[in-house]
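Residues per chain are reported as follows:
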Amino acid sequence: MSDSVEHLDVLIIGAGLSGIDAAYHIGKAFPARSYAILEMRDALGGTWDLFRYPGIRSDSDMYTLGFGWKPWKGKKAIADGADIRAYLQEAARENGIDQHIRYHHKLVHAEFSTDDARWTVTVEHTDTGETKQITAGFLWSTSGYYRYDEGFTPDFEGIGDFQGQVIHPQHWPEDLDYQGKKVVVIGSGATAVTLIPSLADSGAGHVTMLQRTPTFIVSQPLTDPISYRLLQTLPDKVAGKLVRGRYLAMTIGFYEFCRARPREARALIRRMSERQLPKDVSYDEHFTPPYAPWDQRLCVVPRGDLFKALRRHTVDMVTDRIARFTDKGILLESGQELEADIIVTATGLNLQVFGGATLAVDGAEVKLPDTMAFKGMMLSDIPNFAFIVGYTNASWTLKADLVCQYVVRVLQHLDKTGTRVVVPRRDPAVAEEPFLDFEAGYVMRSIEQFPKQGSVEPWRLKMNYFKDLLVFRKPVENEPLEFTA
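As the structure is a computational prediction, the values presented were derived from the model and not from experiment.

Colleague: I tried to follow the overall build of the protein on my own but got confused; where do I start?
Modeller: Of the regular secondary structure elements, the protein holds 13 helices and 27 strands. Here the C-alpha radius of gyration of the protein, 23 Å, is about what a compact globule of 485 residues would show, namely 23 Å. Principal axes of the C-alpha set define a box for the protein whose edges measure 70 × 50 × 45 Å. Burial analysis of the protein (485 residues in total) assigns 54% to the buried set. Put simply, 71% of the contacts in the protein that link residues at least 6 apart link residues at least 24 apart. Of the accessible surface of the protein, which amounts to about 21,000 Å², a share of 48% is contributed by carbon and sulfur atoms. Side chains of the protein carry 55 positive and 63 negative charges; the gap between the two charge centres is 8 Å.

Below, the structure written as structure tokens:
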């Protein structure tokens, strides 16, 4: 290896929420260690910098989406994208993390050498196309699991015949003029239910929500005066733990209730929704999914904004299937035609593992579907490597915090034992299961590209933060981790 190749102790991939969290924990636990964050775009924030469509906001409360080490003190429990972006920028700036971010740096390939106990990473400069190499003792992917350069749009027949504009929310034009225009939004997930009320309230002539399959939609208060007052009056650590614990109990408690008693949960959600719907909008037609609550993620609408728009009749809901696009809009299988000036395809994400980078170990290419995830954060037979994938039923950050704390303990154990390499070793008796036990369309389309999870701990992913606490607190030396010199 040439002396000109830079070496870092830890290399973090992605400057979004997970990357900032990882950098904070590395910086605090190992102040003498060198680290950098590679970010392929020109700004930090990940999802919260990429998505700029009207109304963009969290669908998790900020008291658990915010970092455990930096309590959220904003008035809104459900925050908009600009506030979240500002919060992340402040967190990075306050802790010197922003000084470690290298923008326009995209991980292309990484190969681990067991003899050298290090990764050799090939990086592309996305602004110039040039490539270079960096070496690192530990590689940590915090790039999420979807593609940033393209969203998912089905192959709609006749889409080229439409005379208006077709927009995907992932690539929202800054200068899009929808004032007074007829807008059809295709989709029923978190993006659609966020975007639709915002368009209706900010000047669109009329908005139609076109869905193939209904989604469970639940109202949640936009603000929480009790939590806000606690955070303003008590010390940060005390208030943060109290408020975070309160929201954890509510969120996870409701999830467990839904999974244990799906019939009662369905009835409860129905009662809450029907109270907010106008009489001319059918709950059975538009709000009754064919699956149980939390088979897919519930959609949260702050202050019932979607229901309010339906009551004002600035928004219509249509549940049907698309036959084809026409020059004027969309022809449905029922024969109805929806006229539109703008069609928004809020039809989901394209998943991508580790930002599309390829991995190899000692010259052998890593085939991710052949690996098994240890605690949902490391991969079998892949040394000195970790990743972060958050919860699908709660705030992403909750899982990120657990992973960060565990990685710190693993690195501390390497120091304590004088070893340089750590690798999870898979038990052949553990049966394979899909990585994400989640029925969302964007997951089902791409699940075969992902590693597997196992049928038992610690190879099986959890979707309960309190249960995961127990799993992640186990001593690293008692885990199926192999530490070698």
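Back to the text.
Colleague: What am I meant to see in a nonpolar patch on the surface here?
Modeller: The grouping of L234, V238 and L242 at the surface amounts to a nonpolar patch, some 230 Å² of accessible area in total. Secondary-structure assignment places L242 in helix 7 (residues 236–260). Assessed through its relative accessible area of 47%, L242 is described here as partly exposed.

Colleague: Hey, could you run me through the sheet that holds strand 10 (residues 206–211) in this one?
Modeller: By way of backbone hydrogen bonds, the strands of a sheet pair with one another, either parallel or antiparallel. If you walk across this open sheet you meet the 5 strands as 8-17-9-10-13, and the pairing is parallel. One side of each edge strand has no neighbouring strand; the edge strands of this open sheet are strand 8 (165–167) and strand 13 (315–319). Each strand axis lies, on average, 20° off the axis of its neighbour in the sheet, ignoring direction. With 4 bridges joining them, strand 9 (residues 182–186) and strand 17 (residues 342–345) adopt parallel strand pairing.

Colleague: Whenever I open this one, the packing of helix 11 (residues 396–417) against helix 13 (residues 465–472) confuses me. Can you help?
Modeller: Packed helices, taken two at a time, are described by their axes: the angle between them and the distance between them. One way to put it is that helix 11 packs onto helix 13 with a least axis distance of 11 Å and a crossing angle of 5°. Between helix 11 and helix 13, the crossing angle belongs to the class labelled roughly parallel. Two secondary-structure elements touch here, helix 11 through L398, K399, L402, V403, Y406 and R409 and helix 13 through Y465, D468, L469 and F472. A breakdown of the residues in the contact of helix 11 with helix 13 according to their chemical character gives 7 nonpolar, no polar and 3 charged.

Colleague: Can you walk me through the pairing of strand 27 (residues 481–484) in this structure?
Modeller: Of the two faces of strand 27, the one holding L481 and F483 is buried and the one holding E482 and T484 is not buried anywhere. Judged from the 4 bridges that link them, strand 24 (residues 421–424) and strand 27 form a sheet pairing that is antiparallel. Residue pairing for strand 27: V422 is matched across the bridge by F483.

Colleague: What is the right way to read the environment of I37 from this model?
Modeller: One can find I37 in strand 2 (residues 35–39). Accessibility expressed as a relative area gives 0% for I37, which makes it buried. Expressed as a C-alpha distance, the spacing of I37 and V5, which sit 32 residues apart in the sequence, is 17 Å.

Colleague: I keep staring at the packing of aromatic side chains and nothing clicks. Help me out?
Modeller: Centre-to-centre distance and the angle between the planes together describe a pair of aromatic rings. In this structure the tally under the stated criterion is 27 aromatic pairs. Between Y24 and W69 the ring centres are 3.8 Å apart and the planes differ by 5°, which places this aromatic pair in the stacked class. With Y24 in helix 1 (residues 17–29) and W69 in the loop between helix 3 (62–65) and helix 4 (81–94), this pair connects stretches of sequence that are 45 residues apart. For the pair Y24 and W69, a shared accessibility class is recorded, and that class is buried. Ring centres of W72 and Y87 lie 5.5 Å apart, and the angle between their planes is 70°; on these two criteria the pair is classed as edge-to-face. Remark: Y87 occurs in helix 4 and W72 occurs in the loop between helix 3 and helix 4; sequence separation between them is 15 residues. You'll find W72 and Y87 in the same group, each marked buried. Among the aromatic residues, those joined into a cluster by ring pairs are F112, W119, F354, F385, F387, F435 and F450. Lying across the ring of F30, R33 places its NZ or CZ 4.2 Å from the centre. Geometry around F472 places K375 over its ring, the cationic atom sitting 5.3 Å from the centre.

Colleague: Sorry, what's going on with the sheet that holds strand 15 (residues 329–332) here?
Modeller: One open sheet holds the 3 strands; their spatial order is 14-15-16, and the pairing between them is antiparallel. Since the sheet does not close on itself, it has two edges, and those belong to strand 14 (322–325) and strand 16 (337–339), each with one partner. Taken pair by pair, the neighbouring strands of this sheet meet at an average axis angle of 20°, ignoring direction. Pairing between strand 15 and strand 16: 3 bridges, direction antiparallel. If you follow L331 over to strand 16, its bridge partner there is E337.

Colleague: Any chance you could explain the side chain of R41 here in plain terms?
Modeller: Along the chain, the position of R41 falls in the loop between strand 2 and helix 2 (47–50). Classification of R41 by relative accessible area gives buried; the value is 19%. Residues contacting R41, with those up to four places away along its chain left out, are G46, D49, L50, Y103, H104 and Y148.

Colleague: Any chance you could explain the side chain of R57 here in plain terms?
Modeller: With respect to the helices, strands and loops of the structure, R57 is situated in the loop between helix 2 and helix 3. Buried within the structure, R57 lacks any salt-bridge partner; its nearest side chain of opposite charge belongs to D305, at an N-O separation of 4.6 Å. Within the local environment of R57, its side chain forms a polar contact with the backbone oxygen of V300, the two atoms lying 3.0 Å apart. Discounting residues that sit within four places of it in the chain, R57 has contacts with W48, I78, A79, D80, G81, V193, T194, V300, V301 and P302.

Colleague: Can you help me understand the pattern of salt bridges in this one?
Modeller: Think of it this way: side chains of opposite charge can pair up when their charged atoms draw near. Enumeration according to the criterion identifies 27 salt bridges in this entry. Between R244 and D401 there is a salt bridge, with its nearest N and O atoms 2.8 Å apart. Here R244, found in helix 7, pairs with D401, found in helix 11; they are 157 residues apart in sequence, far enough to count as distant. Classification of D401 as buried rests on a relative accessible area of 7%. Here the salt bridges share partners, and the residues they tie into one network are R41, D49 and R52.

Colleague: Explain the nonpolar core to me, please; I cannot follow it from the model alone.
Modeller: As a rule of thumb, nonpolar side chains are buried together in soluble globular proteins. Counting residues in hydrophobic clusters, the biggest one holds 148 residues, and the most contacted among them are W140 and V185. In terms of residue count, helix 11 provides more of this core than any other element does, 11 residues in total. Residues within four places of W140 in sequence aside, it is in contact with L11, I12, I13, A22, I26, A386, F387, I388, V403, C404 and V407. With 12 residues, the next largest nonpolar core counts V184, V318, L338 and A340 among its residues.

About the cut-offs
Residues numbered from 1 in each chain as written. Predicted model: local features only at pLDDT ≥ 70, side-chain atom pairs only at ≥ 80, totals over all residues. Heavy atoms only, no water. Helix = DSSP H or I, 4+ residues; strand = E, 2+ residues; numbered from the N terminus. Rg over C-alpha atoms; globule rule 2.2 N^0.38 Å. Buried < 20%, exposed > 50% of the residue type's maximum accessible area, 1.4 Å probe, protein only. Contact = heavy atoms within 4.5 Å. Areas by Shrake-Rupley, 256 points an atom, 1.4 Å probe, with all protein chains shown as cover. Lys, Arg positive; Asp, Glu negative; His and termini not counted. Charge placed at Lys NZ, Arg CZ, Asp CG, Glu CD. Patch = residues over 30% accessible without salt bridge, like charges linked within 9 Å, V, L, I, M, F, W, Y side chains within 5 Å. Salt bridge = Lys/Arg side-chain N within 4 Å of Asp/Glu carboxyl O. Pairing = 2+ DSSP bridges. Axes fitted to C-alpha atoms, helices over the stretch in contact; angles between N-to-C directions. Parallel < 35°, antiparallel > 145°, perpendicular 65-115°, else oblique. Nonpolar A, V, L, I, M, F, W, Y, C, P; charged D, E, K, R; others polar. Phe/Tyr/Trp six-rings, centres within 6.5 Å; stacked < 30°, edge-to-face > 60°. Lys NZ or Arg CZ within 6 Å of the ring centre and 35° of its normal. Polar contact = N/O pair within 3.5 Å; in protein donor to acceptor, adjacent residues only side chain to side chain. Core = buried A, V, L, I, M, F, W, Y, C linked by side-chain atoms within 4.5 Å.

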